[in-house]
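# Chain and residue survey
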Amino acid sequence: MSTPVSHAALEQLFLNARTHSSWQDRPVSKETLHQLFELMKMAPTSANCSPARLVFVQSPEAKARLKPCLSEGNRDKTMAAPVTVIVAMDLHFYEQLPRLFPHTDARSWFAGNDAAIQSTAMRNSSLQGAYLIMAARALGLDCGPMSGFDNAAVDAAFFPQGNIKSNFLINLGYGDASKLFPRAPRLGFDDACQIL
């Protein structure tokens, strides 16, 4: 783990990677979606809590369920994407802790503590969604993460059991680079960081 990855890998993961809104007519295989999950699940979450739950919206029927939940500005690009991932969080994640974090009673940290459940689920499902983006880039896919949807409508359409809540969406596929805007500026180190 002490050897830096190649510059080409850094370019693919960070420096040349972009947020895509236009997509090639090229499918993403189920095998690739399985690979994405297998990579994502290995990255860290607090107490290995792993609260993210993913729905890979790919079929015309599933897209039809998602479409009315999207804001107008996100509708067309999401319907054109080969796959849209609903990154959600399971508010009952702590029930899995005896299996996922067996060396102590981590379940007791959360049972009955709604504030800890909510903050831990949101923080760690967001982390896992970011890991999914990096895994997708590593596998040669492009991503378009976004908000801009009705969370309650998505939850009703895809998570009627009630304990799973949507966090954000990621469009996945092979982007059409000819339709990218110029890269937006980023903050400099001194704007965002301190070394104390």
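Sequence order as written defines the numbering, with residues in each chain counted from 1. Confidence filtering applies because this is a predicted model: local features only for residues at pLDDT of at least 70, side-chain atom pairs given and counted only at 80 or more, and all residues used for totals across whole chains, interfaces and linings. Excluding hydrogens and water, the side-chain figures rest on all heavy atoms present in the structure.

Under an unreviewed UniProt entry, the name given to the chain is Putative NADH dehydrogenase/NAD(P)H nitroreductase PQU93_12085, and the source organism is Vogesella indigofera. UniProt positions are given in the numbering used here, feature names are shortened, and annotations may be inferred rather than shown by experiment. Of the comments in the UniProt record for the chain, the one headed Cofactor (unreviewed entry) reads "FMN".

It is worth spelling out the sheet that holds strand β3 (residues 142-146) at this point. Two strands qualify as a pair provided that DSSP identifies no fewer than 2 bridges between them. The helix count covers DSSP runs of H or I at least four residues long, the strand count covers runs of E at least two residues long, and both are numbered beginning at the N terminus. Spatial strand order, β1-β2-β4-β3: four strands in an open sheet with antiparallel pairing. Two strands bound the open sheet, and with one partner strand each, they are β1 (52-57) and β3. This sheet shows a mean twist of 25 degrees between the axes of neighbouring strands, independent of strand direction. One ladder, built from five bridges, connects β3 with strand β4 (residues 164-173); its direction is antiparallel. Considered in β4, the bridge of G144 is made with N171. Of the strands in this sheet, β1, β2 (83-90) and β4 touch helix α2 (residues 30-40), which is tilted by about 165 degrees from β1. This element, helix α7 (residues 151-158), spans β1, β2 and β4 of the sheet and lies at about 90 degrees to β4. Note on geometry: axes are lines fitted to C-alpha atoms, helical ones only across the stretch in contact, with angles between N-to-C directions running from 0 to 180 degrees. Contacts: residue pairs with any heavy atoms within 4.5 Å of one another.

Another aspect to go through is the packing of helix α1 (residues 7-15) against helix α6 (residues 114-138). Where α1 contacts α6, the two axes come as close as 9 Å, and the packing angle between them is 135 degrees. The orientation of α1 with respect to α6, classified from their angle, is oblique. Seen from above, α1 lies across α6 with right-handed handedness. Within the contact between the two elements, α1 uses Q12, L13 and F14 and α6 uses M134, R137 and A138. Classifying every residue of the contact of α1 with α6 by side-chain character gives four nonpolar, one polar and one charged. Throughout, the term roughly parallel applies to angles under 35 degrees, roughly antiparallel to angles over 145, roughly perpendicular to angles from 65 to 115, and oblique to all others. A crossing counts as left-handed when the near helix is turned anticlockwise from the far one by less than a right angle, and as right-handed when that turn is clockwise. Gly is placed with the polar residues, together with every amino acid not listed as nonpolar (Ala, Val, Leu, Ile, Met, Phe, Trp, Tyr, Cys and Pro) or charged (Asp, Glu, Lys and Arg).

Here we take up the packing of α2 against α6. Here α2 crosses α6 at 125 degrees, and the two axes come no closer than 9 Å. As judged from the angle between their axes, α2 and α6 are oblique. Where α2 crosses over α6, the handedness of that crossing is right-handed. Only Q128, Y131, L132, A135 and A136 of α6 make contact with α2, whose side of the interface consists of L36, L39 and M40. A class-by-class count of the residues in the contact of α2 with α6 yields seven nonpolar, one polar and no charged.

This next bit is on the pattern of salt bridges. The term salt bridge refers to a pairing of a side-chain nitrogen on Lys or Arg with a carboxyl oxygen on Asp or Glu at a separation within 4 Å. Inspection of every chain in the model, using the stated rule, returns four salt bridges. A salt bridge links D90 to R53; the nearest nitrogen and oxygen atoms lie 3.3 Å apart. Taken together, the positions of D90 in strand β2 and R53 in strand β1 put the pair 37 residues apart, joining distant regions of the chain. Residue class for D90 comes out buried when judged on its relative accessible area of 10%. Working definition: with a 1.4 Å probe on protein chains only, accessible area under 20% of the residue-type maximum means buried, over 50% means exposed, and in between means partly exposed.

Here we take up a nonpolar patch on the surface. A cluster of nonpolar side chains, namely V5, L10, F14 and L15, defines an oily patch on the protein surface of about 370 Å² accessible area. Structurally, the position occupied by L10 is in helix α1. On the basis of relative accessible area, L10 is assigned to the partly exposed category, the value being 34%. Grouping into patches uses exposed residues only, defined as over 30% relative accessible area, and leaves out salt-bridged ones; the cut-off is 9 Å for like charges and 5 Å for nonpolar side chains (Val, Leu, Ile, Met, Phe, Trp, Tyr). A 1.4 Å probe and the Shrake-Rupley method give the accessible areas. Residues count as covered only by the protein chains that appear here.

This paragraph deals with the side chain of S166. Relative to the elements of secondary structure, S166 occurs in strand β4. Accessibility expressed as a relative area gives 5% for S166, which makes it buried.

As a further point, take the nonpolar core. We define the nonpolar core as a collection of buried residues of types Ala, Val, Leu, Ile, Met, Phe, Trp, Tyr and Cys that are connected through side-chain atoms lying within 4.5 Å of one another. Grouped together as the largest cluster of nonpolar side chains are 17 residues, with contacts concentrated most on L36, V85, I170 and L172. Going through the elements one at a time, α2, β2, α6 and β4 are the ones with two or more residues in this core. It is α6 that contributes the most residues to this core, four residues altogether. Setting aside its immediate chain neighbours within four residues, L36 contacts L132, A135, A136, L139, L141 and L172. If you look at the next biggest cluster of nonpolar residues, it comprises 14 residues, including L66, L70, A88 and F149.

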